[in-house]
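Residues per chain are reported as follows:
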Amino acid sequence: MSTTDLSPDALKQVLKEALSETLSERRDLFREVFEEVLEDFALTEAIREGQQTDRVQRSKIFEMLKDEE
C-alpha cells in the first residue's frame, strides 16, 4: 500500500468531494441521518422542558391515558 502526502487544503477538498458524492448518491442515507438528528434534538428539548415542570404522580398519568381510550 502506498501513501501520499496531501496538504491540508488538498485533503479538505478531497473530503468535500467524497461527502458531496456520497450525499448525491445516497440521499436516502442522508435523509435517515437528518431525521435521527432532528428527533434527538426534539427529545433533548422535551427533556429540558420536562425538567422545568412540577412532578406528577404516576397514577395520574395512567389515569389520563386511560381516559383517552
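Presented here is a report on the structure given in the accompanying data block. Here the structure is a predicted model, which means the values were calculated and not measured.

## Describing a nonpolar patch on the surface
Consideration 1: Taken together, the side chains of Leu19, Leu23, Phe30, Phe34 and Leu38 define a hydrophobic patch exposed on the protein surface, amounting to about 470 Å² of accessible area.
Consideration 2: Elements that contribute at least two residues to the nonpolar patch include exactly helix 1 (8-25) and helix 2 (27-51).
Consideration 3: Per-element accounting of the nonpolar patch gives the leading share, three residues, to helix 2.

## Comments concerning the environment of Ser24
Consideration 1: Among the structural elements, Ser24 can be located in helix 1.
Consideration 2: Residue Ser24 is classed as partly exposed on the basis of its relative accessible area of 49%.
Consideration 3: A C-alpha to C-alpha distance of 43 Å links Ser24 and Thr53, two positions 29 residues apart in sequence.

## A short note on the packing of aromatic side chains
Consideration 1: Taken as a whole and judged by the stated rule, the model has one aromatic pair.
Consideration 2: On the numbers, 6.2 Å between centres and 20° between planes, the contact of Phe30 with Phe34 is stacked. Separated by four residues within a single helix, Phe30 and Phe34 lie in helix 2, roughly one turn from each other.
Consideration 3: The exposure class of Phe30 is partly exposed, given its relative accessible area of 44%.
Consideration 4: On the accessibility criterion, Phe34 (45% relative accessible area) is partly exposed.

Thresholds applied
- Residues numbered from 1 in each chain as written.
- Predicted model: local features only at pLDDT ≥ 70, side-chain atom pairs only at ≥ 80, totals over all residues.
- Heavy atoms only, no water.
- Patch = residues over 30% accessible without salt bridge, like charges linked within 9 Å, V, L, I, M, F, W, Y side chains within 5 Å.
- Areas by Shrake-Rupley, 256 points an atom, 1.4 Å probe, with all protein chains shown as cover.
- Salt bridge = Lys/Arg side-chain N within 4 Å of Asp/Glu carboxyl O.
- Helix = DSSP H or I, 4+ residues; strand = E, 2+ residues; numbered from the N terminus.
- Buried < 20%, exposed > 50% of the residue type's maximum accessible area, 1.4 Å probe, protein only.
- Phe/Tyr/Trp six-rings, centres within 6.5 Å; stacked < 30°, edge-to-face > 60°.

As far as function goes, none of this settles anything; it's purely spatial.
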